Amino acid sequence: MEQKIHQGRNVKRFREMLGIKQEALAFDLGDDWNQKKISLLEQKDVIEENLLKQISVSLRIPVEAFQNFDEEQAVNVIANTYSFQDFKDNAVASGFTYQPSFNPLDKIVQLYDEKISLYERMLKEKDEMMQRFENLFNK
């Protein structure tokens, strides 16, 4: 049995992944649109081709993504590519690297040095400002 791809649900998924609210998408689609219409659109199984093109331009996602994305297939690919054992207790980090490309202690030392340097500049500026005030009051 072939499962149909729900285009409205795909629009919703991609919109949410991008952090775009329904109101913002409605604004991009024009004056005829509002949050309620976007909500109804996201419930439709099939969306008209020209409307999908407008949404595609607004979200910067290819039309084909809305037409072809199937969450179950994506989950199956991930499940078949990475087994649970790969991630269990950090036994094997298949396809991922957990080592940073920099030494965190070096970064902390660098930030500390920058902080000290900034503090010294602030003290110097304070001293200069105090000297200016003293010169103004002594005149």
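Residues numbered from 1 in each chain as written. Predicted model: local features only at pLDDT ≥ 70, side-chain atom pairs only at ≥ 80, totals over all residues. Heavy atoms only, no water.

Colleague: Explain the overall build of the protein chain here, please?
Modeller: Each helix and strand in the protein chain was counted, giving eight helices and zero strands. Taken from the N to the C terminus, the helices and strands of the protein chain come in the order α-α-α-α-α-α-α-α. Scored against the burial criterion, the 139 residues of the protein chain give a buried share of 20%. Of the contacts formed within the protein chain by residues at least 6 apart in sequence, a portion of 57% connects residues at least 24 apart. Summed over its atoms, the accessible surface of the protein chain is roughly 11,500 Å², and 55% of this surface lies on carbon and sulfur atoms. (Helix = DSSP H or I, 4+ residues; strand = E, 2+ residues; numbered from the N terminus. Buried < 20%, exposed > 50% of the residue type's maximum accessible area, 1.4 Å probe, protein only. Contact = heavy atoms within 4.5 Å. Areas by Shrake-Rupley, 256 points an atom, 1.4 Å probe, with all protein chains shown as cover.)

Colleague: Mind showing me how you'd approach the nonpolar core here?
Modeller: In this structure, Val11, Trp33, Ile55 and Phe66 are the most contacted members of the largest nonpolar core, which totals 17 residues. Taken together, the elements giving at least two residues each to this core come down to α1 (7-17), α2 (22-29), α3 (35-41), α4 (49-59) and α5 (63-68). Considering each element in turn, this core owes the most residues, four residues, to α4. Other than its neighbours up to four places away in sequence, Trp33 contacts Ala26, Ile38, Leu41 and Leu51. (Core = buried A, V, L, I, M, F, W, Y, C linked by side-chain atoms within 4.5 Å.)

Colleague: I would appreciate a short explanation of the packing of α2 against α4 in the present structure.
Modeller: Any two packed helices are characterised by the angle at which their axes cross and by the distance between the axes. Interhelical geometry of α2 versus α4 gives an angle of 115 degrees and a closest axis separation of 10 Å. Considered as vectors, α2 and α4 are oriented roughly perpendicular to each other. Handedness of the α2/α4 crossing: right-handed. Contact residues: Leu25, Asp28 and Leu29 in α2; Gln54, Ile55, Ser58 and Leu59 in α4. Of the residues belonging to the contact of α2 with α4, the class tally is four nonpolar, two polar and one charged. (Axes fitted to C-alpha atoms, helices over the stretch in contact; angles between N-to-C directions. Parallel < 35°, antiparallel > 145°, perpendicular 65-115°, else oblique. Left-handed = near helix turned anticlockwise from the far one by under 90°. Nonpolar A, V, L, I, M, F, W, Y, C, P; charged D, E, K, R; others polar.)

Colleague: Just checking my understanding: could you explain the pattern of salt bridges for this structure?
Modeller: A side chain with one charge may pair with a side chain of the opposite charge, provided their charged atoms come close. Scanning the entire structure with this criterion turns up four salt bridges. With a shortest N-O distance of 3.9 Å, Glu16 and Arg15 are connected by a salt bridge. For Arg15, a relative accessible area of 6% corresponds to the buried category. Asp127 serves as the salt-bridge partner of Lys126, at 3.6 Å between the closest nitrogen and oxygen. When salt bridges with common partners are traced through the structure, they connect Arg15, Glu16 and Glu42 into a single cluster. (Salt bridge = Lys/Arg side-chain N within 4 Å of Asp/Glu carboxyl O.)

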